[in-house]
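# Report on the structure
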Amino acid sequence: MATVGQIIFFTCSLVTLNVLLAAFIILILTLAFSKSTSKVVSSNTKPVANLGQDQILSCYVSAESQPNRLGEVSVSWEKTDLGTVYRYENRAPALDGQASAFKGRAQVFPDAVAIGNASLLLRSVRSSDEGEYTCTIRSSVAHGTVSIQLRTAVFSVPTLKFSNNILTSEASSWFPKPDVTWLNQTGNELNANTSFTERSPGIYSLLSTLQSAKVSETYSCRIENSLVVAVTEATISGSGVLGRTFFTFSVASTQLVSFYLNIITSVLCMFYVV
């Protein structure tokens with residue numbers, strides 16, 4: 001006859017097995033669903049737009065799943081909180097019901113749509129444009145949707161000046177307010193003085209000064225906030241200073257990966273306790 005301990009152990013084992021099985025089924029179904037909608041993709045699902053500038057939101061049929069001919073293609077761009085951003089049907093814009101915020105500011109490119117590229121041009125980006133967008137492409141042989149999270153910032157290329165062994169970097173507009181760091185050729189951080197001026201609410205200009213800079217040396221000025229990093233390499237010569245700037249943008253972590261890890265961690269903990 002089974003003891004109470006054996007019954008409890010058997011019951012806990014069944015519970016653990018059921019949890020493992022349920023987690024496995026959820027994972028398989030999610031992956032299968034993702035695969036079925038993966039025909040439409042984006043080269044950048046977390047773009048950072050510069051306020052006041054134009055921005056392309058990427059959306060296209062992936063090369064792996066794109067047939068030789070797509071046939072008649074329709075495109076729908078939606079924004080979660082506003083509705084229709086842009087629609088393209090029967091080889092023409094279909095703008096009935098378009099959100100007023102996007103009138104005259106959004107378009108796709110018909111020649112590109114015909115070959116499976118439904119990327120959206122959004123003109124003169126506003127802070128209110130920030131948020132989640134969905135792009136849906138439909139044709140007789142391909143169908144899918146991709147989500148894009150548009151983030152907005154303000155950033156500008158700094159200008160460099162060198163005089164009397166003083167190297168300065170000046171940038172006209174940044175938001176959010178950035179940090180500024182100077183490095184020498186070996187990557188060591190240097191002491192510098194940086195001042196900020198709030199030109200308009202939340203938008204700052206900056207002036208950063210590096211003392212005792214030397215001719216024939218190269219310095220790096222790094223301007224960075226939570227969304228954008230600008231690294232300017234400044235090489236000083238007898239005739240002045242030559243600079244080149246590289247921009248990189250932050251990429252948020254994927255919530256789906258975290259969800260999978262949470263499931264696996266919870267199941268493993270339960271299994272270990274039993």
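Remember, predicted model here, so these are calculated numbers, not experimental data. (Residues numbered from 1 in each chain as written. Predicted model: local features only at pLDDT ≥ 70, side-chain atom pairs only at ≥ 80, totals over all residues. Heavy atoms only, no water.)

## Side note on the sheet that holds strand β12 (residues 159-163)
We apply this condition: Two strands are said to pair when DSSP picks up at least two bridges between them. Secondary structure counts use DSSP, requiring at least four H or I residues in a row for a helix and at least two E residues in a row for a strand, with both numbered from the N terminus. Fitting a line to C-alpha atoms yields each axis, with helices limited to the stretch in contact; the angle taken between N-to-C directions then spans 0 to 180 degrees.
Strand order in this open sheet of four strands is β12-β13-β17-β16, and the pairing throughout is antiparallel. In the strand order of this sheet, the two ends are held by β12 and β16 (193-200), each with one partner. Strand after strand, the sheet turns through a mean of 15 degrees between neighbouring axes, direction not considered. Judged from the five bridges that link them, β12 and strand β13 (residues 166-174) form a sheet pairing that is antiparallel.

## As for the environment of Lys-161
Spelled out, the test is: Only protein chains enter the area calculation, which uses a 1.4 Å probe; residues under 20% of their type maximum are buried, those over 50% are exposed, and those in between are partly exposed. Only heavy atoms matter for contacts: two residues are in contact if any of them lie within 4.5 Å across the pair.
When you line up the elements, Lys-161 lands in strand β12. Assessed through its relative accessible area of 56%, Lys-161 is described here as exposed. Spatially, the C-alpha atom of Lys-161 lies 9.6 Å from that of Thr-209, the residues being 48 residues apart in sequence. Discounting chain neighbours no more than four positions away, the residues touching Lys-161 are Ile-166, Leu-167, Thr-168 and Val-241.

## Description of the sheet that holds strand β7 (residues 92-93)
Taking strand neighbours across the sheet as the criterion, the six strands line up as β2-β11-β10-β5-β6-β7 in an open arrangement whose pairing is mixed. The outermost strands of the open sheet, each flanked by one partner alone, are β2 (48-50) and β7.

## Points about the state of the cysteines
Rules: Cysteine sulfurs are considered disulfide-paired once they come within 2.5 Å of each other.
Counted according to the given criterion, the structure contains one disulfide. Across the disulfide, Cys-59 is cross-linked to Cys-135 (sulfur-sulfur distance 2.0 Å). On the sign convention where negative means left-handed, the S-S torsion of about -75 degrees between Cys-59 and Cys-135 marks this disulfide as left-handed. Of this pair, Cys-59 sits in the loop between β3 (55-57) and β4 (60-61) while Cys-135 is found in strand β10 (residues 131-138), placing the two residues 76 residues apart along the sequence. You can call Cys-135 buried: its relative accessible area is 0%.

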